[in-house]
Protein chains: 2
Amino acid sequence: MRQPQQDRSRATRQRLLESAIEALAELGWAGSTVAVVAERAGVSRGAAQHHFPTREDLFAAAVEYVGDARRSWTREHSADLPSGPERTRAVVDLIVRLYTGPLFRAALHLWVAATSDEQLRASVVTLEAHLGREQHKLALELLGVDESVPGVRETVQATLDMARGLGLANLLTDDGKRRAGIIDRWAEILDATLNVRT
Amino acid sequence: MRQPQQDRSRATRQRLLESAIEALAELGWAGSTVAVVAERAGVSRGAAQHHFPTREDLFAAAVEYVGDARRSWTREHSADLPSGPERTRAVVDLIVRLYTGPLFRAALHLWVAATSDEQLRASVVTLEAHLGREQHKLALELLGVDESVPGVRETVQATLDMARGLGLANLLTDDGKRRAGIIDRWAEILDATLNVRT
DNA sequence: CACAAAACAAGCACGCGTGCTTGCTTTTGG
DNA sequence: CCAAAAGCAAGCACGCGTGCTTGTTTTGTG
């Protein structure tokens, strides 16, 4: 891919991608028609097809895009975290919010769609492998714990998996209050389990 | 619904439902065409349509069916659990297996499909509300803990949510070894956190 | 200023899944 | 034993989404 001289083209492509993940989160895989995505982006179907010849191409790019978006969201929000005793709770909350936002919804639709689409599956598993490792490292860092201590690795992974599960539970019904209690409790458990911070 | 005099009809309906959730787990929502389901059940499309006039009717019934199946699966497997110190680990393993089997895969496809289908959504949320409560009560019972103790409720719910998350992670890639370590660790944490058993 | 290439718009044909209709077979009840 | 009803098979029409082709506008360059 060479550098597009037209900013307009870039902007259109960008909007197409944003509309794609937006539609994915709202309407699901089957509902995210190229026509729908194009309409949301404010361009014609032909224009969308110009940028992404086939539907597969569009959503393959969308996979990358949603990965980047989740990455930057995490980076953005992990900046301002308290450092006192309530840090653990804040970190858990951040992680859970990562898995309950619209980006995760889009990613979830991508996952299940990838179940029955070989092409998509390949894109998604490689992305999720990278992303998963990154999130794990970030969680270690934010919690200020050492992975070499036995049990820590599994505990952190369990935290991430629990966050995924909470996100899943939040799919159909708003789960806010139940979630808050669980986050509180889990933060307590984490502090009691791997309290090796200064 | 009156009692069907023909066993044959009942059997056909049964096979239709089983094929539906089987197709759901393997091919996903969009791939589970009524033609596909009918073919898997060994009946014609018209026969399927005779039992379930519309596709919605078929999968509405499938929602009930997968709920019953998960219920009976749990009941069936919760019978033979050890009672020694390794019971906690066995219980956690059982719960996680409930969320990693084909039944959960089918349910997951149902969930995400229900995201963009109002009819289906209604069926799924009511089912999941009941089922969730049941699983929670069962988990309390199997673990032998008292919900009135503060924190216990949240901890058990966290366990269920983590199981959901593990099931989700198991969607695209086989996750067996990683899962085993997390289950071990989780059982340790549970024992340390809510050890009120004799 | 002109020309070429890219971006974009609009329309068309094909495949496919659903729902309906028609005809046949088997079972149930009088 | 016969008629009515239910179970079941096969075919058809409609809607819709995708991919392709053609035509128009905009952008960058000699």
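What you are looking at is a predicted structure, and each value in this text was computed from that prediction instead of being measured.

Q: What is the right way to read the overall build of chain A from this model?
A: Within chain A, the secondary structure is distributed over nine helices and zero strands. What you see in chain A, going N to C, is helices and strands ordered as α-α-α-α-α-α-α-α-α. When its C-alpha atoms are laid out on the principal axes, chain A stretches across 60 × 35 × 30 Å. Buried positions account for 49% of the 198 residues belonging to chain A. Within chain A, contacts between residues separated by at least 24 positions form 67% of all contacts whose residues are at least 6 apart in sequence. By element, 49% of the accessible surface of chain A is carried by carbon and sulfur atoms, the whole surface being about 9,700 Å².

Q: Any chance you could explain the interface of chain A and chain B here in plain terms?
A: Interfaces are often sized by the amount of accessible area the parts lose when they come together. Taken together, the contacts link 37 residues of chain A with 37 residues of chain B. Of the roughly 3,100 Å² buried where chain A meets chain B, counting both sides, 70% is carbon and sulfur surface. Among the residues of chain A in contact with chain B, L168(A), L172(A) and R185(A) are the three that bury the most area, contributing 21% of the side total. Summed over the shared surface of chain A and chain B, the result is two salt bridges. On the surface where chain A and chain B come into contact, there are 12 residue pairs in polar contact (both at pLDDT 80 or more). Taken together, the elements giving at least two residues each to the side of chain A that touches chain B come down to α1 (7–31), α6 (102–115), α7 (118–143), α8 (152–169) and α9 (176–193) of chain A. In terms of residues, the side of chain A that touches chain B owes the most to one element, α8(A), which gives 11 residues.

Q: Can you help me understand the packing of aromatic side chains in this one?
A: To describe a pair of aromatic rings, you give the distance between the ring centres and the angle between the ring planes. Per the stated rule, a full pass over the model turns up seven aromatic pairs over all chains. Their ring planes at 10 degrees and their centres at 4.7 Å tell us that W186(A) and W186(B) sit as a pair that is stacked. Separated into two different chains, W186(A) in helix α9 and W186(B) in helix α9 (residues 176–193) make up a pair that spans both. Each member of the pair, W186(A) as well as W186(B), is classed as buried. With a centroid separation of 4.9 Å and an interplanar angle of 55 degrees, the aromatic rings of W29(B) and F59(B) are classed as tilted. With W29(B) in helix α1 (residues 7–31) and F59(B) in helix α4 (residues 55–77), this residue pair connects regions lying 30 residues apart in the sequence. Taking relative accessible area as the criterion, W29(B) reaches 21% and is therefore assigned partly exposed. Given the relative accessible area of 0%, F59(B) is considered buried. One aromatic cluster in this structure is built from Y99(A), F104(A) and W111(A). Between the NZ or CZ atom of R55(A) and the centre of the ring of W29(A), over which it lies, the distance is 4.5 Å.

Q: So what exactly am I meant to see when it comes to the protein's contact with DNA strand C here?
A: Surveying the vicinity of DNA strand C reveals 19 residues, the closest of which are S44(A), H50(A), H51(A), T33(B) and R45(B). Between DNA strand C and S44(A), the relevant distance is 2.6 Å, taken from a phosphate oxygen to a main-chain nitrogen or oxygen of the residue. Here a base nitrogen of DNA strand C sits 3.0 Å away from a polar atom, N or O, in the side chain of Q49(B). Of all elements in the fold, only α1 and α3 (45–51) of chain A together with α3 (45–51) of chain B reach the threshold of two or more residues within the surface near DNA strand C. No other element matches the five residues that α3(A) contributes to the surface near DNA strand C. In terms of residue class, the surface near DNA strand C is built from three nonpolar, 11 polar and five charged.

Q: Help me out: how do you make sense of the UniProt feature "domain: HTH tetR-type" (unreviewed entry) in chain A in this one?
A: According to UniProt, the "domain: HTH tetR-type" (unreviewed entry) feature falls on residues 10–70 of chain A. Along residues 10–70 of chain A one finds 87% helix and 0% strand; the C-alpha atoms at either end are 21 Å apart.

Q: So what exactly am I meant to see when it comes to the pattern of salt bridges here?
A: All names here are of chain A. By the definition in use, this model includes 26 salt bridges over all chains. With a shortest N-O distance of 2.9 Å, D175 and R178 are connected by a salt bridge. Judged by its relative accessible area of 7%, D175 falls in the buried class. R178 sits in the partly exposed class, given a relative accessible area of 22%. Residues participating in the shared-partner salt-bridge network are R89, D93, R97 and D184.

Q: Explain the UniProt feature "DNA-binding region" (unreviewed entry) in chain A to me, please; I cannot follow it from the model alone.
A: Per the UniProt record, the feature "DNA-binding region" (unreviewed entry) sits at residues 33–52 of chain A. A distance of 13 Å separates the end C-alpha atoms of residues 33–52 of chain A, which is 75% helix and 0% strand.

Q: What should I look at first to understand the protein's contact with DNA strand D in this one?
A: Close to DNA strand D lie 19 residues, the nearest being T33(A), R45(A), S44(B), H50(B) and H51(B). Note that a phosphate oxygen of DNA strand D is positioned 2.3 Å from one of the side-chain N or O atoms of H50(B). Elements represented by at least two residues in the surface near DNA strand D include exactly α3 of chain A together with α1 and α3 of chain B. Residue contributions to the surface near DNA strand D peak at five residues, all from α3(B). Tallied by class, residues from the surface near DNA strand D come to three nonpolar, 11 polar and five charged.

The rules behind the values
Residues numbered from 1 in each chain as written. Chains lettered and ligands numbered in written order. Predicted model: local features only at pLDDT ≥ 70, side-chain atom pairs only at ≥ 80, totals over all residues. Heavy atoms only, no water. Helix = DSSP H or I, 4+ residues; strand = E, 2+ residues; numbered from the N terminus. Buried < 20%, exposed > 50% of the residue type's maximum accessible area, 1.4 Å probe, protein only. Contact = heavy atoms within 4.5 Å. Areas by Shrake-Rupley, 256 points an atom, 1.4 Å probe, with all protein chains shown as cover. Buried area = accessible area lost by both parts, 1.4 Å probe. Salt bridge = Lys/Arg side-chain N within 4 Å of Asp/Glu carboxyl O. Polar contact = N/O pair within 3.5 Å; in protein donor to acceptor, adjacent residues only side chain to side chain. Phe/Tyr/Trp six-rings, centres within 6.5 Å; stacked < 30°, edge-to-face > 60°. Lys NZ or Arg CZ within 6 Å of the ring centre and 35° of its normal. Near = heavy atom within 4 Å. Nonpolar A, V, L, I, M, F, W, Y, C, P; charged D, E, K, R; others polar. UniProt positions renumbered as here; feature names shortened; annotations may be inferred.

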